[in-house]
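Report on the structure
Residues per chain are reported as follows:
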Amino acid sequence: TLVELGVCEDIEPFLPLLRDPEGHEILETAYQLTSIIKSTQTISTATDRAAKIVFALKSYSRQTPSGQKVETNVIESLETVLTIYHNQLKQGVEVIKNYPETLPNIWGYPDELNQVWTNLIHNAIQAMDNKGTLTIDITQSKNDICVSITDSGAGIPLEVQSKIFQPLFTTKPPGEGSGLGLDIVRKIIEKHQGKIDFDSVPGKTTFTVSLPLST
Ligand SMILES: Nc1ncnc2c1ncn2[C@@H]1O[C@H](COP(=O)(O)OP(=O)(O)O)[C@@H](O)[C@H]1O
Ligand SMILES: [Mg+2]
């Protein structure tokens, strides 16, 4: 029980307690107390996470009124999606974020941009079979913001590369893929006057989205 309480080296001060006839019971109580503290910490962490997810879901589904573009922060939008995927990612995916310290807002449709990151990150996780490294790079140039999402998965075979943006094209079994993801992504990016490119070799696939700063 002492070891379970975290005492393993300096047991000297505990010796009288061990000799005490009541010692066992005292230790037992102390042990139960520490278990309660540990459980409370677990509950508190879980509550924090649940609150974050609720917040993320709320901003995820925020509707853009009357189809007008609004000021949108690309980092916030990516972070919202990463929060929703947090549980899935933490099982075996290391996430590396290279964000600039400051990033100007762009004009866009935040809920639709969330769908872009969701689809790209979902594809990346599926390509890595839930294990590997997901790298998110954000850079800013004079006219654009550039977001690259890189996974360490198997890559896109050459003969498939020309088809991935076609609606209904999928290499995944039913239930895992509808083949609509990248078609939707492309349409949303066009709506933002942006561009999407990809580059894929086995072990490294990058989708790069650039979004214009003005308009
Ligand atoms: N990160 C990626 N790594 C490897 N292949 C990918 C990746 N992203 C997309 N693909 C390929 O593109 C196809 C189409 O993707 P998508 O339009 O999102 O449809 P779905 O994911 O439903 O199959 C996928 O089935 C897959 O073969
Ligand atoms: Mg997909």
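Just so it is clear, the model here is predicted, and its values are computed rather than measured. (Residues numbered from 1 in each chain as written. Chains lettered and ligands numbered in written order. Predicted model: local features only at pLDDT ≥ 70, side-chain atom pairs only at ≥ 80, totals over all residues. Heavy atoms only, no water.)

Some points on the site of ligand 1
Residues in close proximity to ligand 1 total 17 residues, the closest being Thr 170, Thr 171, Lys 172, Ser 178 and Gly 179. Between Thr 171 and ligand 1, the recorded distance is 2.4 Å, taken from a side-chain N or O atom to an oxygen atom. One nitrogen or oxygen atom from the main chain of Leu 182 is found 2.8 Å from an oxygen atom belonging to ligand 1. Contact with the protein chains hides 94% of the accessible area of ligand 1, taken as 530 Å² for the molecule alone. Where the shell around ligand 1 is concerned, the elements lending two or more residues are helix H4 (110–127), helix H6 (181–191) and strand S7 (204–212). Of the residues contributing to the shell around ligand 1, the split by class is 6 nonpolar, 9 polar and 2 charged. (Near = heavy atom within 4 Å. Polar contact = N/O pair within 3.5 Å; in protein donor to acceptor, adjacent residues only side chain to side chain. Areas by Shrake-Rupley, 256 points an atom, 1.4 Å probe, with all protein chains shown as cover. Helix = DSSP H or I, 4+ residues; strand = E, 2+ residues; numbered from the N terminus. Nonpolar A, V, L, I, M, F, W, Y, C, P; charged D, E, K, R; others polar.)

Quick notes on helix H3 (residues 74–89)
Along its length, H3 shows its largest kink, about 40°, at Thr 83. Those residues of H3 that fall on the buried side of the exposure criterion are Val 74, Ile 75, Ser 77, Leu 78, Thr 80, Val 81, Leu 82, Thr 83, Tyr 85 and Leu 89. Where H3 begins, the capping side chain belongs to Asn 73, and its oxygen is found 3.0 Å from the backbone nitrogen of Ile 75. (Bend = angle between axes of the 7 residues up to and from the residue. Buried < 20%, exposed > 50% of the residue type's maximum accessible area, 1.4 Å probe, protein only.)

Looking at the domain arrangement of the chain
According to the domain assignment, the chain consists of domain 1 (12–54) and domain 2 (68–212). Centre-to-centre, using C-alpha coordinates, domain 1 lies 43 Å away from domain 2. (Domains from an automatic or database assignment.)

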